[in-house]
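Per-entry structural report
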Amino acid sequence: MNFTFKQLEAFLFSVRLQSFSAAAVKLHTTQSAISKRLAELEVALGGPLLHRTTHGLELTQVGRELLPLAEEAQRLWRRIAHDISVDKTLRGTFRVGVTELIAMTWLTRLIQLLQKMHPEVNIEPVVDAGLTLFERLETNKLDLAIMPGAFWGQAFESIKVTQVEQVWIASPRLQIPARALKPHEFADYPVIEQPAGASKNRFYEAWRAEHGFRFGKVMLTNSTTVLRELTISGFGLSQQALDYVRPDIRSGLLRVVKSDPMPPPLVYSAVYRRDNVSPALARIVELAVKTCDFTVRASQHDVTPARALQRRRNATRAKKPTRQTRG
């Protein structure tokens, strides 16, 4: 047998992405080059590896036997490239999916820290509902997703980033009793929820069913920003991250609604495919754990260092004594 790693790589990504053209985009080459590499690999192995079907690409018996070995070869190749290479610089572009709450709080800080510490690592952020992010992760359209949920299956690595205290909140104008509400009493008040695509709902679904929570009128919104605004306006009570709404509670716009029992903390995880790990990806996860902070709004980050520098320059000029001229 005489085949190359590029041929194995063409096979791997064609299988993962279910498309020769998508594999070509991923590997920065042409579809004809991918087809050629696969054909050469099939000649070397003595049989076809893939069949085209109406549902995409289907593995042959030889292809099914090759797949786990090719994945292992890819992992070893990455280890060799990183561990043996003199240049240990982390580099690459990674598609990172996050929920809206992360985008509105600490995502900016994560990107800033990465740019400072690893300038050759680039993030392409994608903001969407948790379950949609996971679907993209399954189809290799994302390299990493940071979202609510602790376990996403054996094929995925889930690293705990943090856990967030979730509380029921409402506007004081709803005049909900100060005592703890029983689960069945929630049916007496309008509730604002995120739709089924939110992974937070999947996390709490079993817990709510176990304790008998019942809701009457429900308003749905897929936006965390709109969820907060509707709650402040008194359209209903909602369940949100305490750290994020704490300023609204302090200002009197919102109040915590107690329940018996109270919601358990919501776990956020960094999730990626076990067959797609790399030193750079692991470093992104490590820094995500370090920078995670839902108390800071994105608007509070210093995202315009150039302006700050200009302000300092202007202040320096203002302190310089002006030369007086004689009249």
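Above this text sits the structure in question.
Structural notes, computed from the coordinates.

Reading the values: rules and limits
For every chain, the first residue of the written sequence is number 1, and numbering continues from 1 along that sequence. In keeping with the predicted nature of the model, local features appear solely for residues at pLDDT of at least 70, side-chain atom pairs appear and are counted solely at 80 or more, and the whole-chain, interface and lining totals rest on all residues. Only hydrogens and water are set aside; all other atoms, that is, all heavy atoms of the structure, feed into the side-chain values. Relative accessible area decides the class of each residue, using a 1.4 Å probe on protein chains only: under 20% of the type maximum gives buried, over 50% gives exposed, and in between gives partly exposed. Going along the chain from the N terminus, every DSSP run of H or I of four or more residues is numbered as a helix, and every run of E of two or more is numbered as a strand. Two strands make a pair as long as DSSP finds a minimum of two bridges between them. Grid spacing is 1 Å over the protein atoms alone, the probe is 1.4 Å, and a cavity is where that probe fits but cannot get out, while a pocket is an open set with protein on both sides within 12 Å along at least five of seven lines and lining residues have an atom within 4 Å of a point. Grid points are joined across faces, edges and corners, and a volume is the space filled by probe spheres set on the points. In this classification, the charged set is Asp, Glu, Lys and Arg, the nonpolar set is Ala, Val, Leu, Ile, Met, Phe, Trp, Tyr, Cys and Pro, and all remaining amino acids, among them Gly, are polar. For helices, the fitted axis covers only the stretch in contact; all axes are lines through C-alpha atoms, and the angles between them, taken along N-to-C directions, range from 0 to 180 degrees. For this analysis, residues touch if any pair of their heavy atoms sits within 4.5 Å. Aromatic pairs are defined between Phe, Tyr and Trp rings, using the six-membered ring for Trp, whenever the two ring centres lie within 6.5 Å; interplanar angles under 30 degrees are classed as stacked, those over 60 as edge-to-face, and all others as tilted. Buried residues of nine kinds, namely Ala, Val, Leu, Ile, Met, Phe, Trp, Tyr and Cys, make up a nonpolar core once their side-chain atoms join them within 4.5 Å. An angle counts as roughly parallel when it lies under 35 degrees, as roughly antiparallel when it exceeds 145, as roughly perpendicular when it falls between 65 and 115, and as oblique in every other case. Left-handed is the label given to a crossing in which the near helix is rotated counterclockwise from the far helix by less than a right angle, and right-handed is the label when the rotation is clockwise.

1. Digging into the pairing of strand β12 (residues 266–273)
Taken across its eight residues, β12 has eight buried, putting it largely inside the fold. Here strand β5 (residues 144–148) runs beside β12; their pairing, made up of four bridges, is antiparallel. Within the sheet, the bridge partner assigned to Ile146 lies in β12 and is Ala270.

2. Quick notes on the layout of surface pockets
There is about 310 Å³ of room inside the second largest pocket. In terms of lining residues, the second largest pocket is bounded by 23 residues, among which Thr99, Glu100, Leu101, Gln194 and Thr224 are the most central. Per element, the largest residue contribution to the lining of the second largest pocket is three residues, and it comes from strand β10 (residues 238–241). Class assignment of the residues belonging to the lining of the second largest pocket gives a composition of 11 nonpolar, nine polar and three charged.

3. Description of the sheet that holds strand β7 (residues 166–170)
Pairing in this open sheet of three strands is antiparallel, and the strands run β10-β7-β11 from one edge to the other. Two strands lie at the open edges of the sheet, namely β10 and β11 (255–257), each paired on one side alone. The average undirected angle you get between the axes of adjacent strands in this sheet is 60 degrees. Judged from the three bridges that link them, β7 and β11 form a sheet pairing that is antiparallel. Among the inter-strand pairings, Trp168 is bridged to a residue of β11, identified as Val257. Strand contacts of helix α9 (residues 224–232): β7 and β10, with the helix running at about 125 degrees to β10, the strand carrying the most contacts. Strands in contact with helix α10 (residues 242–250) are β7, β10 and β11; relative to β10, the strand with the most contacts, it is inclined by about 105 degrees.

4. Here's the deal with the packing of aromatic side chains
A full pass over the atoms with the stated rule returns 13 aromatic pairs. Between Phe134 and Trp152 the ring centres are 4.7 Å apart and the planes differ by 35 degrees, which places this aromatic pair in the tilted class. Of the two residues, Phe134 is situated in helix α7 (residues 130–138) and Trp152 in the loop between β5 and β6 (156–164); the sequence distance between them amounts to 18 residues. Taken as a pair, Phe134 and Trp152 share a single burial class, namely buried.

5. Some points on the sheet that holds β12
Spatially, the five strands line up as an open sheet ordered β4-β3-β5-β12-β6, and their pairing is mixed. Where the open sheet ends on each side, the last strands, each with one partner, are β4 (121–127) and β6. Pairwise comparison of adjacent strand axes, ignoring direction, gives a mean angle of 20 degrees for this sheet. Across three bridges, the pairing between strand β3 (residues 92–98) and β5 is parallel. If you follow Val98 over to β5, its bridge partner there is Ile146. Of the strands in this sheet, β3, β4, β5, β6 and β12 touch α7, which is tilted by about 155 degrees from β5.

6. Here we look at the nonpolar core
With 51 residues, the main nonpolar core has Ile102, Trp106, Leu144, Ile146, Ile176, Leu237 and Phe294 as its most contacted residues. Here this core takes six residues from helix α11 (residues 279–291), the largest share from any one element. In this structure, Ile176 is in contact with Ala170, Leu181, Tyr189, Leu237, Arg255 and Val257, ignoring residues within four places of it in sequence. Listed in part, the 20 residues of the second largest apolar core include Leu8, Val15, Phe20 and Leu66.

7. Considering the pairing of β7
Both faces of the sheet carry side chains from a regular strand, because those side chains alternate between them. When you tally the buried positions in β7, you get five out of five residues, the bulk of the element. Neither face of β7 is open: one carries Gln166, Trp168 and Ala170, the other Val167 and Ile169, and all of them are buried. Pairing geometry for β7 and β10, over four bridges, is antiparallel. Among the inter-strand pairings, Val167 is bridged to a residue of β10, identified as Gln240.

8. Let's talk about the side chain of Asn276
In this fold, Asn276 is placed in the loop between β12 and α11. Among all residues touching Asn276, those that are not within four sequence positions of it are Arg78, Asp143 and Leu281.

9. As for the packing of helix α1 (residues 5–17) against helix α3 (residues 31–45)
The geometry of α1 relative to α3 is characterised by a closest axis approach of 8 Å and an angle of 110 degrees between their N-to-C directions. Here α3 runs roughly perpendicular to α1, going by the angle between their axes. Relative to α3, the crossing made by α1 is left-handed. Touching Lys6, Gln7, Leu8, Ala10, Phe11 and Ser14 of α1 are Ile34, Arg37, Leu38, Glu40 and Leu41, all from α3. A breakdown of the residues in the contact of α1 with α3 according to their chemical character gives six nonpolar, two polar and three charged.

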